[in-house]
Amino acid sequence: MACFLIPVAEAIVTTVVGKSIEKKEAAPEVMKIHVDGNLEETVTKITFSQKVKWLRNMLWGGSALLAFEHVWHGEVVPWFPFLTAAGNPEDAAEMLHEMSTVGVTMAVLVTAVWLVMVGVTSYAERRAEKDETVTE
Amino acid sequence: MTLLTTVFAAVIATVVWYKTAPKSNMKLGTLSLMYWGASIMWFVDAIFEYAELKAEYFTPAPADMLNDLFLGLSVVALGLIIWVAVLLISDPKGVVKGVLFKKAN
(Lines give C-alpha, C1' and ligand atoms only; values in the text may rest on other atoms or scores of the structure.)
Protein backbone atom coordinates (compact mmCIF):
# COMPACT_ATOMS: atom_id res chain seq x y z
CA MET A 1 0.00 0.00 0.00
CA ALA A 2 2.72 2.45 0.96
CA CYS A 3 5.50 0.25 2.36
CA PHE A 4 8.08 2.00 0.13
CA LEU A 5 7.69 5.21 2.20
CA ILE A 6 9.80 3.77 5.05
CA PRO A 7 12.85 3.07 2.78
CA VAL A 8 12.26 6.54 1.23
CA ALA A 9 12.46 8.12 4.71
CA GLU A 10 15.68 6.20 5.40
CA ALA A 11 17.04 7.23 1.98
CA ILE A 12 16.46 10.91 2.81
CA VAL A 13 18.25 10.54 6.16
CA THR A 14 21.11 8.59 4.51
CA THR A 15 21.53 11.27 1.82
CA VAL A 16 21.71 14.07 4.39
CA VAL A 17 24.07 12.13 6.69
CA GLY A 18 26.24 11.07 3.70
CA LYS A 19 26.62 14.70 2.53
CA SER A 20 27.55 15.83 6.06
CA ILE A 21 30.16 13.02 6.41
CA GLU A 22 31.58 13.87 2.97
CA LYS A 23 32.12 17.51 4.00
CA LYS A 24 33.95 16.57 7.23
CA GLU A 25 35.93 13.69 5.76
CA ALA A 26 39.67 13.94 5.21
CA ALA A 27 41.27 12.97 1.90
CA PRO A 28 41.08 9.22 1.21
CA GLU A 29 43.89 7.12 2.67
CA VAL A 30 46.47 5.82 0.23
CA MET A 31 47.82 2.27 0.48
CA LYS A 32 50.02 -0.04 -1.56
CA ILE A 33 48.73 -3.43 -2.61
CA HIS A 34 50.19 -6.32 -4.55
CA VAL A 35 48.35 -7.22 -7.73
CA ASP A 36 49.00 -10.61 -9.42
CA GLY A 37 51.63 -11.58 -6.86
CA ASN A 38 54.44 -9.10 -7.48
CA LEU A 39 53.11 -6.01 -9.24
CA GLU A 40 52.75 -3.22 -6.67
CA GLU A 41 50.01 -0.62 -7.07
CA THR A 42 49.20 2.49 -5.07
CA VAL A 43 45.47 2.69 -4.45
CA THR A 44 43.12 4.89 -2.44
CA LYS A 45 40.93 3.37 0.25
CA ILE A 46 37.15 3.60 -0.10
CA THR A 47 35.97 6.41 2.15
CA PHE A 48 33.04 5.95 4.54
CA SER A 49 30.97 8.49 2.59
CA GLN A 50 31.42 6.33 -0.53
CA LYS A 51 30.17 3.34 1.43
CA VAL A 52 27.15 5.37 2.58
CA LYS A 53 26.46 6.05 -1.11
CA TRP A 54 26.00 2.29 -1.65
CA LEU A 55 23.21 2.30 0.93
CA ARG A 56 21.75 5.49 -0.53
CA ASN A 57 21.69 3.98 -4.05
CA MET A 58 20.04 0.77 -2.83
CA LEU A 59 17.39 2.69 -0.87
CA TRP A 60 16.58 5.34 -3.51
CA GLY A 61 16.71 2.86 -6.41
CA GLY A 62 14.66 0.21 -4.64
CA SER A 63 12.08 2.72 -3.42
CA ALA A 64 11.70 4.30 -6.88
CA LEU A 65 11.07 0.93 -8.52
CA LEU A 66 8.73 -0.12 -5.70
CA ALA A 67 6.84 3.18 -5.97
CA PHE A 68 6.34 2.41 -9.67
CA GLU A 69 4.77 -0.94 -8.69
CA HIS A 70 2.35 0.93 -6.40
CA VAL A 71 1.41 3.26 -9.27
CA TRP A 72 0.90 0.17 -11.46
CA HIS A 73 -1.52 -1.30 -8.91
CA GLY A 74 -3.36 2.01 -8.46
CA GLU A 75 -2.22 2.45 -4.84
CA VAL A 76 -0.40 5.70 -5.60
CA VAL A 77 -2.24 8.35 -7.64
CA PRO A 78 -1.17 11.77 -8.94
CA TRP A 79 -3.89 13.63 -6.99
CA PHE A 80 -4.44 14.39 -3.28
CA PRO A 81 -4.05 12.47 -0.93
CA PHE A 82 -1.80 10.58 -3.41
CA LEU A 83 -2.27 7.28 -1.55
CA THR A 84 -5.64 5.67 -2.28
CA ALA A 85 -5.58 3.95 1.12
CA ALA A 86 -5.46 7.34 2.85
CA GLY A 87 -9.00 8.01 1.60
CA ASN A 88 -10.80 6.21 4.43
CA PRO A 89 -9.81 5.41 8.04
CA GLU A 90 -10.11 1.61 7.67
CA ASP A 91 -7.71 1.44 4.69
CA ALA A 92 -5.44 4.03 6.33
CA ALA A 93 -5.08 1.81 9.42
CA GLU A 94 -4.20 -1.16 7.20
CA MET A 95 -1.71 1.00 5.31
CA LEU A 96 0.00 2.12 8.54
CA HIS A 97 0.15 -1.50 9.71
CA GLU A 98 1.78 -2.51 6.41
CA MET A 99 4.27 0.35 6.68
CA SER A 100 5.21 -0.67 10.23
CA THR A 101 5.69 -4.33 9.30
CA VAL A 102 6.66 -4.76 5.62
CA GLY A 103 8.17 -1.27 5.20
CA VAL A 104 10.31 -1.45 8.34
CA THR A 105 11.50 -4.98 7.46
CA MET A 106 12.49 -3.77 3.97
CA ALA A 107 14.54 -0.89 5.41
CA VAL A 108 16.15 -3.16 8.04
CA LEU A 109 17.08 -5.88 5.51
CA VAL A 110 18.58 -3.40 3.02
CA THR A 111 20.62 -1.86 5.87
CA ALA A 112 21.71 -5.32 7.06
CA VAL A 113 22.89 -6.24 3.54
CA TRP A 114 24.80 -2.91 3.40
CA LEU A 115 26.42 -3.64 6.78
CA VAL A 116 27.60 -7.02 5.45
CA MET A 117 29.02 -5.23 2.35
CA VAL A 118 30.87 -2.72 4.58
CA GLY A 119 32.14 -5.57 6.80
CA VAL A 120 33.45 -7.57 3.83
CA THR A 121 35.12 -4.47 2.34
CA SER A 122 36.79 -3.56 5.65
CA TYR A 123 38.02 -7.15 6.02
CA ALA A 124 39.45 -7.09 2.48
CA GLU A 125 41.20 -3.76 3.20
CA ARG A 126 42.67 -5.07 6.46
CA ARG A 127 43.89 -8.22 4.70
CA ALA A 128 45.51 -6.19 1.92
CA GLU A 129 47.26 -4.00 4.54
CA LYS A 130 48.42 -7.09 6.45
CA ASP A 131 49.86 -8.64 3.27
CA GLU A 132 51.70 -5.39 2.66
CA THR A 133 53.19 -5.44 6.19
CA VAL A 134 54.37 -9.05 5.77
CA THR A 135 56.04 -8.43 2.40
CA GLU A 136 57.84 -5.28 3.53
CA MET B 1 7.57 -12.94 -11.14
CA THR B 2 8.45 -9.29 -10.47
CA LEU B 3 10.99 -10.41 -7.85
CA LEU B 4 12.51 -12.96 -10.25
CA THR B 5 12.78 -10.44 -13.10
CA THR B 6 14.47 -7.88 -10.84
CA VAL B 7 16.88 -10.47 -9.39
CA PHE B 8 17.92 -11.51 -12.93
CA ALA B 9 18.43 -7.82 -13.84
CA ALA B 10 20.51 -7.33 -10.65
CA VAL B 11 22.69 -10.38 -11.38
CA ILE B 12 23.27 -9.36 -15.02
CA ALA B 13 24.09 -5.74 -14.01
CA THR B 14 26.52 -7.01 -11.33
CA VAL B 15 28.27 -9.40 -13.76
CA VAL B 16 28.67 -6.61 -16.35
CA TRP B 17 29.97 -4.27 -13.58
CA TYR B 18 32.47 -6.93 -12.44
CA LYS B 19 33.71 -7.49 -16.00
CA THR B 20 34.30 -3.79 -16.64
CA ALA B 21 35.40 -2.59 -13.15
CA PRO B 22 37.47 -0.75 -12.01
CA LYS B 23 38.31 1.01 -15.30
CA SER B 24 34.74 1.63 -16.43
CA ASN B 25 33.01 4.83 -15.39
CA MET B 26 29.61 3.92 -16.78
CA LYS B 27 27.97 3.98 -13.31
CA LEU B 28 27.13 0.26 -13.56
CA GLY B 29 27.61 -0.03 -9.80
CA THR B 30 24.71 2.39 -9.31
CA LEU B 31 22.53 0.33 -11.67
CA SER B 32 23.28 -2.95 -9.92
CA LEU B 33 22.76 -1.46 -6.43
CA MET B 34 19.42 -0.04 -7.57
CA TYR B 35 18.25 -3.47 -8.78
CA TRP B 36 19.60 -5.19 -5.65
CA GLY B 37 17.76 -2.69 -3.44
CA ALA B 38 14.51 -3.39 -5.30
CA SER B 39 15.14 -7.16 -5.19
CA ILE B 40 15.61 -7.09 -1.40
CA MET B 41 12.42 -5.05 -0.98
CA TRP B 42 10.38 -7.42 -3.18
CA PHE B 43 11.90 -10.37 -1.35
CA VAL B 44 10.52 -8.99 1.94
CA ASP B 45 7.18 -8.43 0.21
CA ALA B 46 7.26 -12.07 -1.00
CA ILE B 47 7.98 -13.37 2.53
CA PHE B 48 4.98 -11.51 3.97
CA GLU B 49 2.80 -12.71 1.09
CA TYR B 50 4.00 -16.29 1.61
CA ALA B 51 3.19 -16.05 5.32
CA GLU B 52 -0.34 -15.10 4.35
CA LEU B 53 -0.98 -17.44 1.39
CA LYS B 54 1.32 -20.37 2.31
CA ALA B 55 1.72 -22.90 -0.60
CA GLU B 56 -0.85 -21.04 -2.67
CA TYR B 57 1.84 -18.36 -3.17
CA PHE B 58 3.70 -20.69 -5.58
CA THR B 59 0.67 -21.42 -7.77
CA PRO B 60 -0.44 -18.05 -9.12
CA ALA B 61 -3.10 -17.74 -11.80
CA PRO B 62 -1.60 -17.50 -15.34
CA ALA B 63 -3.15 -14.05 -15.84
CA ASP B 64 -1.53 -12.80 -12.58
CA MET B 65 1.82 -14.28 -13.63
CA LEU B 66 1.65 -12.55 -17.00
CA ASN B 67 0.74 -9.25 -15.36
CA ASP B 68 3.61 -9.66 -12.88
CA LEU B 69 6.05 -10.44 -15.70
CA PHE B 70 4.87 -7.38 -17.61
CA LEU B 71 5.34 -5.33 -14.41
CA GLY B 72 8.79 -6.85 -13.84
CA LEU B 73 9.95 -5.97 -17.36
CA SER B 74 8.55 -2.45 -16.96
CA VAL B 75 10.46 -2.11 -13.68
CA VAL B 76 13.69 -3.21 -15.38
CA ALA B 77 13.05 -0.66 -18.15
CA LEU B 78 12.42 2.10 -15.57
CA GLY B 79 15.65 1.15 -13.78
CA LEU B 80 17.54 1.48 -17.07
CA ILE B 81 15.94 4.89 -17.73
CA ILE B 82 16.94 6.13 -14.24
CA TRP B 83 20.48 4.80 -14.82
CA VAL B 84 20.77 6.59 -18.21
CA ALA B 85 19.51 9.81 -16.59
CA VAL B 86 22.07 9.49 -13.74
CA LEU B 87 24.82 8.74 -16.28
CA LEU B 88 24.00 11.75 -18.48
CA ILE B 89 23.59 14.14 -15.52
CA SER B 90 26.79 13.07 -13.72
CA ASP B 91 28.56 12.74 -17.12
CA PRO B 92 31.70 10.95 -15.80
CA LYS B 93 33.33 10.80 -19.26
CA GLY B 94 32.58 14.46 -20.02
CA VAL B 95 30.76 13.46 -23.24
CA VAL B 96 27.68 15.66 -22.66
CA LYS B 97 29.92 18.58 -21.65
CA GLY B 98 32.02 18.01 -24.77
CA VAL B 99 28.95 18.03 -27.02
CA LEU B 100 27.37 21.08 -25.39
CA PHE B 101 30.54 23.15 -25.18
CA LYS B 102 32.59 22.49 -28.31
CA LYS B 103 36.04 24.04 -28.34
CA ALA B 104 36.25 27.16 -30.46
CA ASN B 105 38.90 26.91 -33.22
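Just so it is clear, the model here is predicted, and its values are computed rather than measured. (Residues numbered from 1 in each chain as written. Chains lettered and ligands numbered in written order. Predicted model: local features only at pLDDT ≥ 70, side-chain atom pairs only at ≥ 80, totals over all residues. Heavy atoms only, no water.)

This part covers the overall build of chain B. Scanning chain B for helices and strands turns up 4 helices and 0 strands. Along chain B, helices (α) and strands (β) appear in the sequence α-α-α-α when read from the amino end. Whereas a compact globule of 105 residues would reach a radius of gyration of roughly 13 Å, chain B reaches 18 Å, over 25% beyond that. When the backbone C-alpha atoms are referred to their principal axes, chain B occupies close to 70 × 25 × 20 Å. Sorting the 105 residues of chain B into buried and exposed places 29% on the buried side. A sequence separation of at least 24 residues applies to 76% of the contacts in chain B between residues at least 6 apart. One finds the centroid of the 8 positive side-chain charges in chain B at a distance of 32 Å from the centroid of its 7 negative side-chain charges. (Helix = DSSP H or I, 4+ residues; strand = E, 2+ residues; numbered from the N terminus. Rg over C-alpha atoms; globule rule 2.2 N^0.38 Å. Buried < 20%, exposed > 50% of the residue type's maximum accessible area, 1.4 Å probe, protein only. Contact = heavy atoms within 4.5 Å. Lys, Arg positive; Asp, Glu negative; His and termini not counted. Charge placed at Lys NZ, Arg CZ, Asp CG, Glu CD.)

All names here are of chain B. A grouping of Met1, Leu4, Phe8, Ile12, Val16 and Met65 is seen on the molecular surface, where their side chains present a nonpolar patch of about 560 Å² in accessible area. It is helix α1 (residues 2–20) that provides the largest number of residues to the nonpolar patch, a total of 4 residues. With respect to the element layout, isoleucine 12 can be found in helix α1. The exposure class of isoleucine 12 is exposed, given its relative accessible area of 55%. (Patch = residues over 30% accessible without salt bridge, like charges linked within 9 Å, V, L, I, M, F, W, Y side chains within 5 Å. Areas by Shrake-Rupley, 256 points an atom, 1.4 Å probe, with all protein chains shown as cover. Salt bridge = Lys/Arg side-chain N within 4 Å of Asp/Glu carboxyl O.)

Attention now goes to α1(B). Residue and element names in this part refer to chain B. Here α1 is 19 residues long and its end C-alpha atoms lie 27 Å apart, about the 27 Å a rise of 1.5 Å per residue gives. Along α1, the residues that are buried comprise Thr2, Thr5, Thr6, Ala9, Ala10 and Ala13. All buried residues of α1 lie within an arc of 135 degrees about the axis, which places them on one face of the element. Exposed side chains of α1 directed beyond 90 degrees from the buried face belong to Phe8, Ile12, Tyr18 and Lys19. (Expected span 1.5 Å × (residues − 1). Arc of directions from axis to C-beta.)

Under the 1.5 Å per step criterion, the end-to-end length of helix α3 (residues 62–90) of chain B is 42 Å for 29 residues, consistent within 8% with the ideal 42 Å. Of the positions making up α3(B), those classed as buried are Leu71(B), Gly72(B), Ser74(B), Val75(B), Val76(B), Gly79(B), Trp83(B) and Leu87(B). Where α3(B) is buried, its residues meet α2 (48–72) of chain A together with α1 and α2 (28–53) of chain B.

Residue and element names in this part refer to chain A. According to the stated counting rule, one finds 2 salt bridges over all chains in the structure shown. Among the ionic pairs, lysine 53 bridges to glutamate 22, the shortest N-O distance being 3.8 Å. Taken together, the positions of lysine 53 in helix α2 and glutamate 22 in helix α1 (residues 5–24) put the pair 31 residues apart, joining distant regions of the chain. For lysine 53, a relative accessible area of 30% corresponds to the partly exposed category.

The next thing to look at is unusual backbone geometry. Following Phe80(A), the chain continues to Pro81(A) via a peptide bond in cis, the omega torsion being 5 degrees. Here Pro81(A) shows up in the loop between α2 and α3 (89–135). Pro22(B) follows Ala21(B) through a cis peptide bond whose omega is -5 degrees. Take Pro22(B): it is sitting in the loop between α1 and α2. A positive phi is found at Lys27(B), a non-glycine position, where the angle reads about 60 degrees.

Taken together, the side chains of Glu90(A), Glu94(A), Glu49(B) and Glu52(B) present a region of like negative charge at the surface. Elements supplying a minimum of two residues to the negative patch: α3 of chain A together with α2 of chain B. Relative to the helices and strands, Glu49(B) resides in helix α2. Overall, Glu49(B) belongs to the partly exposed group, its relative accessible area being 37%.

As for its position among the elements, Glu69(A) is in helix α2. Nearest to the buried, unbridged Glu69(A) among oppositely charged side chains is Lys54(B), at 20 Å. Residues in contact with Glu69(A), not counting those within four places in the same chain, are Trp42(B) and Leu71(B).

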